[in-house]
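What the coordinates show
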Amino acid sequence: MALTLAPLPAYAADNPYERGPAPTAAALEAARGPFATATAIVARQSGFGGGTIYYPTSTAEGTFGAVAISPGYTASQSSVAWYGPRLASHGFVVITINTLSVYDDPDSRGRQLLAALDYVVSSSTVRSRVDGTRLGVMGHSMGGGGALRASVTRPALQAAIPLAGWHSTKNWSGVKVPTMVVGAESDTVAPVSSHSEPFYNSITAAPDKAYLELKGAGHSAPSTQGPNVTIGKYSVSWLKRFIDNDTRYDQFLCPPPRPDSRISEYRDTCPHA
């Protein structure tokens, strides 16, 4: 008897990396996405200071891309912990890290982000859930500077998001990774005029980039509750678009969102490559 195979779903034929249902603005602004999640604690390693892995409990749709997130100067992973379940619930394996020292400079944080990704892909208890070809980095303050440095070091990354990033280097023409720069309008620690805006303007080699400025926000905005709806919505959209190549999320990025009560400025290289 001949065996008849059921046809693959249309999304699987078009893009095997799509994960989850079609997105809506309400779903992206909610505290959690469609995937149930769990956590795994990571002890201190030789390349980074340990952390927490957040991951979808189901693998019915296949493996997931992974994202490493660094805190800023003198901060621990608790300052970026909210990103873990938020991103994992949209279909990513996420590691929020402690750095080897809370005083580590941005370039050290960049190396530690890459070490954390390598750990997740090769050694972690969830490595079978991860697609090691689809990886991204994020970070707050000096961790954001670290995300930029990691992008230069490893251009095979699929996405980067520096959040109120701080780095003494202002020219990032070596970045070839699709990058969303998030700045805070009232930041006095890493003013957008001397950090996020020059970072964005200097990224000339990446196929796509965006600049999101949080209206009236200060330097701690990426680690506080107020702007989480905005950062969550657009960071998930950016990561889904470029780590998962999921064009269903283009609708939230192109055309660029207009300034409103949450966003003072937004720039994007629409349409995306």
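Residues numbered from 1 in each chain as written. Predicted model: local features only at pLDDT ≥ 70, side-chain atom pairs only at ≥ 80, totals over all residues. Heavy atoms only, no water.

**Re a nonpolar patch on the surface**
On the surface, Tyr73, Val102 and Tyr103 cluster together into a nonpolar patch covering about 310 Å² of accessible area. As for its position among the elements, valine 102 is in the loop between strand 4 (92–97) and helix 4 (106–122). Taking relative accessible area as the criterion, valine 102 reaches 31% and is therefore assigned partly exposed. (Patch = residues over 30% accessible without salt bridge, like charges linked within 9 Å, V, L, I, M, F, W, Y side chains within 5 Å. Areas by Shrake-Rupley, 256 points an atom, 1.4 Å probe, with all protein chains shown as cover. Salt bridge = Lys/Arg side-chain N within 4 Å of Asp/Glu carboxyl O. Helix = DSSP H or I, 4+ residues; strand = E, 2+ residues; numbered from the N terminus. Buried < 20%, exposed > 50% of the residue type's maximum accessible area, 1.4 Å probe, protein only.)

**Notes on the packing of aromatic side chains**
According to the stated counting rule, one finds 9 aromatic pairs in the structure shown. On the numbers, 6.4 Å between centres and 90 degrees between planes, the contact of tryptophan 172 with phenylalanine 199 is edge-to-face. Remark: phenylalanine 199 occurs in helix 6 (residues 196–202) and tryptophan 172 occurs in the loop between strand 6 (159–163) and strand 7 (179–184); sequence separation between them is 27 residues. With respect to class, tryptophan 172 is no different from phenylalanine 199; both count as buried. Above the face of the phenylalanine 92 ring, lysine 240 is positioned so that its terminal group lies 5.3 Å from the ring centre. Arginine 241 extends its terminal NZ or CZ atom over the ring of phenylalanine 242, reaching a point 5.0 Å from the ring centre. (Phe/Tyr/Trp six-rings, centres within 6.5 Å; stacked < 30°, edge-to-face > 60°. Lys NZ or Arg CZ within 6 Å of the ring centre and 35° of its normal.)

**A short note on the side chain of aspartate 246**
On the secondary structure map, aspartate 246 appears in the loop between helix 7 (228–242) and strand 9 (263–268). Judged by relative accessible area, aspartate 246 falls into the buried class, the value being 0%. Within the structure, the side chain of aspartate 246 is placed 2.8 Å from the side chain of arginine 248, a separation counted as a polar contact. With residues up to four places along the chain from it excluded, the contact list for aspartate 246 reads Asn15, Glu18, Arg19, Lys240 and Arg241. (Polar contact = N/O pair within 3.5 Å; in protein donor to acceptor, adjacent residues only side chain to side chain. Contact = heavy atoms within 4.5 Å.)

**Describing the packing of helix 4 against helix 5 (residues 142–153)**
Two elements in contact, helix 4 and helix 5, have axes whose closest approach is 7 Å; the angle formed by their N-to-C orientations is 65 degrees. Helix 4 and helix 5 meet at a crossing whose hand is right-handed. Within the contact between the two elements, helix 4 uses Pro106, Asp107, Arg109, Gly110, Leu113 and Leu114 and helix 5 uses Met142, Gly143, Gly145, Gly146, Ala147, Arg149, Ala150 and Thr153. Of the residues contributing to the contact of helix 4 with helix 5, the split by class is 6 nonpolar, 5 polar and 3 charged. (Axes fitted to C-alpha atoms, helices over the stretch in contact; angles between N-to-C directions. Left-handed = near helix turned anticlockwise from the far one by under 90°. Nonpolar A, V, L, I, M, F, W, Y, C, P; charged D, E, K, R; others polar.)

**A few points about the nonpolar core**
Nonpolar side chains in soluble globular proteins tend to be buried together. Within the largest apolar cluster, 37 residues are counted, with the highest numbers of intra-cluster contacts made by Ile53, Val93, Ile95, Leu117, Val120, Val137 and Leu157. Sorting the residues of this core by element identifies strand 1 (37–42), strand 2 (51–56), strand 3 (64–70), strand 4, helix 4, strand 5 (130–140), helix 5 and helix 6 as the ones contributing at least two each. It is helix 4 that contributes the most residues to this core, 6 residues altogether. With 36 residues, the next largest nonpolar core counts Val94, Ala221, Leu239 and Cys254 among its residues. (Core = buried A, V, L, I, M, F, W, Y, C linked by side-chain atoms within 4.5 Å.)

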